[in-house]
Amino acid sequence: MTGTPLKLSDTTFRDAHQSLMATRLRTEDMTPLAEKMDSVGFFSMEVWGGATFDSATRFLAEDPWERLRTFKSLMPNTKLSMLLRGQSLVGYRNYADDVVDKFVERSAENGIDIFRVFDALNYEPNLERAASAVKNSGKHLQLAICYTISEGGRMGGGIYNLEYYLSKARSFRDMGADSICIKDMGGLLAPYDAYELVTAIKSEIDLPLQLHAHYTSGMASMSALKAVEAGLDILDVCLAPLALRTSQPAVEPIAVTLGGTDRDPGVDLDMLLDLGDQLEEILPKYADHLETTRSAVIDARVLSHQIPGGMASNMVSQLREADALDRMTEVLEEIPRTRADLGFPPLVTPMSQMVGAQAVNNVIFGRYTVVSEPVKEYLRGNYGKPVSPVRDELIAKLSQTEEITPAPERPGDIIEPEMESARKAVSDLTDDIDDALIYALYPQTGERFLRIKHGLEPVPEEMKPRTLEEVRQAAAQAESQPAAPAPPKSSRARRFNIYVGDQFFEVDVDPVELGAGPEPAASPPAMSTPAPSPAAARAQPNEVMEGETAVTAPMPGILISLAVAEGETVSTGDPLLVLEAMKMQNTIPSPVDGTIKSLPVAPGTQVTRDQALVVIQT
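K.L.:
Explain the pairing of strand E17 (residues 594-598) here, please?
P.N.:
Each regular strand shows side chains that alternate between the opposite faces of the sheet. Relative to E17, strand E14 (residues 569-570) is paired through two bridges, and the arrangement is antiparallel. Of the residues in E17, the one forming a bridge with valine 570 is glycine 594. Two elements, E17 and strand E19 (residues 612-617), share three bridges in a ladder whose sense is antiparallel. Residue serine 598 lies in a different strand from E19, and its bridge partner there is valine 615.

As structure tokens, then:
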């Protein structure tokens, strides 16, 4: 193997913990490692962007701007990089151009040196404004090609073939990229495809080439080595405790493998081992976020469902919160179908969240009974052009209830400026431009964070950091907690013989609702009526009277807005409210005809699963 030394970019402080623990690693637990990381010999450190901005404000009560400034002060000798979602920045929708310009400007001024910019559809018009803003800031513009496959488990076929990726590399070069990244968010890049792809790009495009790959399928280290053999310039890695699984390849074996060759990255292995030990002492605090339902380190089924690392850890966390983790297998089986329906988009944020959340909706409520607002916008073309046609039935279904207007070539062209309104919205709280950007990106959760930051609201218990001792005490208490008492057996209980191989067991089965048969797959969400059984009473904490129907939250989330008022008449299917769940906004329709009797929850409120949001008199 010949060539120049391979440069390494470390992701421990961003994508590694985003992939494995839903982006919950706190700044206070990264700063003890930062100064030593600055001396390892990394080309760059990815420390910001992606989901870190949202997670810091939504779950950790941390200022993401302060995190960036802290890293810059602790790692002055290493370039800091961030992941930027094109016109979507670090959010889940397209933002106005003035928000894009100001966010990039402030990110550069606060410490970002390298902007890795991508679009979930590899759609160039969605990259134009962010790319221009980065160039205007004088910083390094890296444009990323989202790598994916459509079928067969390998590069090729009629959509995602070698020429497709070469055409994107040419286009990104012409847009002024200082470097190009192959972004393999699903761990789908096979080793020999990596060699072929890197060889082809390097032979035609005279720009540094970087590889970002997830280990999910088990191929990332092999693919990385083949890419290095083909002339790769920069490779993303991370410290061993947060490596592999749905994260990146571990840096330590890469350093040893290439040591003594022309491509030796020259990093300090002893220092890396010490850092790994230090991180091992910190991570037990996050045991609940590192939990997984699988024993295997890899997930070969990713070649089918194609879920990227960050999406996988978030989906486990969100299904657990919704008390629906037992349906994970159904969701994984539904994801490829949903993706095909939507035209085979690459599964990367925000498309991964859209496809994943829609797949969850399809499993829980029936296929496309509930369609999230972002998916509706995607079907209108407001996220760009899909690489393959969307199912005609979906467009027809949307057109029955929504007005469809053709989107412009660059979706950002139709978004009105947003910065001034964001400044005004938080003027009573702050005049800090970085705070205004937090609100512009996340109006509901952002405003809540700003109220916490400026002392107008206390830090909620669930946002406070916990010590390792507190985590251990909570785990011990949970283990010693007695099981909830079983409800009394009713007269409807029936005894059944259950045969397992040569064994048989007698079990009593007691239906929880009188006369309730299997719920149809396409039943409307969040409908509950009074039931006499104790189990149903526990599931519905808000009592309703006879002749009333409570529309409840199908999963934990935030009530964004109400579409009805008390006393208003509604028909089945009319929109009642918008609930943000799994980072997607969903319009909840009325399950019945009737009159709105009460609206017990105000917009902006965090709600729990089964909490009554609307009561309808029928």
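There is more to say, and it comes next.
K.L.:
I'm lost on the nonpolar core in this one. Help?
P.N.:
Generally speaking, a soluble globular protein has its nonpolar side chains buried in company with each other. Membership of the largest hydrophobic core comes to 148 residues, with the highest contact counts inside it found for Phe13, Met75 and Phe103. Residues contacting phenylalanine 103, with those up to four places away along its chain left out, are Trp48, Phe53, Trp65, Met82, Leu84, Leu89, Val90, Leu437 and Leu441. Core analysis: the second largest hydrophobic core is formed by 17 residues, Ala553, Leu559, Val564 and Leu613 among them.

K.L.:
Is there a simple way to think about the sheet that holds strand E18 (residues 606-607) in this case?
P.N.:
The strands that make up a sheet pair up through hydrogen bonds in the backbone, lying either parallel or antiparallel. Across the sheet, which stays open at both edges, the four strands sit in the order E16-E15-E13-E18 with antiparallel pairing between neighbours. Edge positions in the sheet fall to strand E16 (584-589) and E18, since each has one partner strand and no second. Note that strand E15 (residues 575-581) and E16 share six bridges and pair antiparallel. The residue of E16 that forms the bridge with valine 578 is threonine 587.

K.L.:
Looking at this structure, I do not really get the packing of helix H10 (residues 251-258) against helix H11 (residues 269-282). What am I missing?
P.N.:
Helix packing geometry: the angle between the two helix axes and the distance between the axes. Viewed as axis vectors pointing N to C, H10 and H11 meet at an angle of 165 degrees, and their least axial separation amounts to 10 Å. Taken together, the axis directions place H10 and H11 in an arrangement best described as roughly antiparallel. Between H10 and H11 the crossing geometry is left-handed. Residue-level contacts link Val251, Glu252 and Val256 of H10 to Leu269, Leu272 and Leu273 of H11. Class assignment for the residues of the contact of H10 with H11 results in five nonpolar, no polar and one charged.

K.L.:
Could you clarify how one ought to interpret the pairing of strand E4 (residues 114-117) in this entry?
P.N.:
Side chains Ile114 and Arg116 project from E4 onto one buried face, and the interleaved Phe115 and Val117 project onto a second face that is buried too. The pairing of strand E3 (residues 79-84) with E4 spans four bridges and is classified as parallel. Looking at E4, one finds that leucine 83 is bridged to arginine 116. At this point the chain moves from E3, through helix H5 (residues 97-110), to the parallel E4, and the crossover so formed is right-handed. Here E4 pairs with strand E5 (residues 140-146) via four bridges, running parallel.

K.L.:
Could you clarify how one ought to interpret the sheet that holds strand E8 (residues 234-237) in this entry?
P.N.:
Strand order in the closed barrel made by the eight strands is E1-E2-E3-E4-E5-E6-E7-E8, with parallel pairing throughout. Averaged over all pairs of adjacent strands, the angle between strand axes in this sheet comes to 30 degrees, irrespective of strand direction. As paired strands, E5 and strand E6 (residues 179-184) are joined by five bridges and run parallel to one another. When the bridges of E6 are listed, alanine 144 appears paired with cysteine 181.

K.L.:
Got a minute to help me understand the pattern of salt bridges in this structure?
P.N.:
Charged atoms that come close allow side chains of opposite charge to pair. Here the structure, examined in full by the defined rule, presents 43 salt bridges. Within this structure, Glu334, Arg337, Asp341, Arg367, Arg391 and Glu393 form a network of salt bridges that share partners.

K.L.:
Honestly, the environment of alanine 300 in this entry has me stumped. Any pointers?
P.N.:
Looking at where alanine 300 falls in the secondary structure, it is placed in the loop between helix H12 (287-290) and helix H13 (302-305). Overall, the relative accessible area of 47% leaves alanine 300 in the partly exposed class. Separated by 84 residues in the primary sequence, alanine 300 and threonine 216 have C-alpha atoms spaced 7.4 Å apart.

K.L.:
Got a minute to help me understand the confidence of the model for the protein chain in this structure?
P.N.:
Any residue range with low pLDDT should be treated as having predicted coordinates unsuitable for detailed reading. When pLDDT is averaged along the protein chain, the result is 86, and 86% of the positions lie at 70 or above. Predicted confidence for residues 513-541 stays below pLDDT 50, and this span has 44 contacts to residues more than four positions away or in other chains.

K.L.:
Can you help me understand the packing of aromatic side chains in this one?
P.N.:
In this description, an aromatic ring pair is defined by two values, namely the gap between the centres and the angle between the planes. For the coordinates displayed, the defined rule picks out 12 aromatic pairs. Ring centres 5.0 Å apart and planes at 55 degrees place the aromatic pair tryptophan 48 and tryptophan 65 in the tilted group. In this pair, tryptophan 48 sits in strand E2 (residues 44-49) while tryptophan 65 sits in helix H4 (residues 64-74), placing the two residues 17 residues apart along the sequence. Using a relative accessible area of 1% as the deciding quantity, one classes tryptophan 65 as buried. Between phenylalanine 53 and phenylalanine 103, the ring centres sit 5.7 Å apart and the planes meet at 65 degrees, which makes this aromatic pair edge-to-face. Of the two residues, phenylalanine 53 sits in helix H3 (residues 52-58) while phenylalanine 103 sits in helix H5, which places them 50 residues apart along the sequence. Here phenylalanine 53 matches phenylalanine 103 in class, with each residue buried. Of note, arginine 24 hangs over the ring of phenylalanine 59, and the distance from its end group to the ring centre comes to 3.7 Å. One residue, lysine 226, lies across the ring of tyrosine 195, its end atom 5.0 Å from the ring centre.

K.L.:
What is the right way to look at the packing of helix H16 (residues 351-365) against helix H17 (residues 373-380) in this model?
P.N.:
Across the interface, H16 lies against H17 with an axial gap of 9 Å and an inter-helix angle of 115 degrees. In this structure, H16 crosses over H17, and the sense of that crossing is left-handed. Residues Met351, Met354 and Gln358 of H16 pack against Pro374, Val375 and Tyr378 of H17. For the contact of H16 with H17, a count of residues per class yields five nonpolar, one polar and no charged.

What counts and how
Residues numbered from 1 in each chain as written. Predicted model: local features only at pLDDT ≥ 70, side-chain atom pairs only at ≥ 80, totals over all residues. Heavy atoms only, no water. Pairing = 2+ DSSP bridges. Helix = DSSP H or I, 4+ residues; strand = E, 2+ residues; numbered from the N terminus. Core = buried A, V, L, I, M, F, W, Y, C linked by side-chain atoms within 4.5 Å. Buried < 20%, exposed > 50% of the residue type's maximum accessible area, 1.4 Å probe, protein only. Contact = heavy atoms within 4.5 Å. Axes fitted to C-alpha atoms, helices over the stretch in contact; angles between N-to-C directions. Parallel < 35°, antiparallel > 145°, perpendicular 65-115°, else oblique. Left-handed = near helix turned anticlockwise from the far one by under 90°. Nonpolar A, V, L, I, M, F, W, Y, C, P; charged D, E, K, R; others polar. Right-handed = clockwise from strand over helix to strand, strands pointing away. Salt bridge = Lys/Arg side-chain N within 4 Å of Asp/Glu carboxyl O. pLDDT = per-residue confidence, 0-100. Phe/Tyr/Trp six-rings, centres within 6.5 Å; stacked < 30°, edge-to-face > 60°. Lys NZ or Arg CZ within 6 Å of the ring centre and 35° of its normal.

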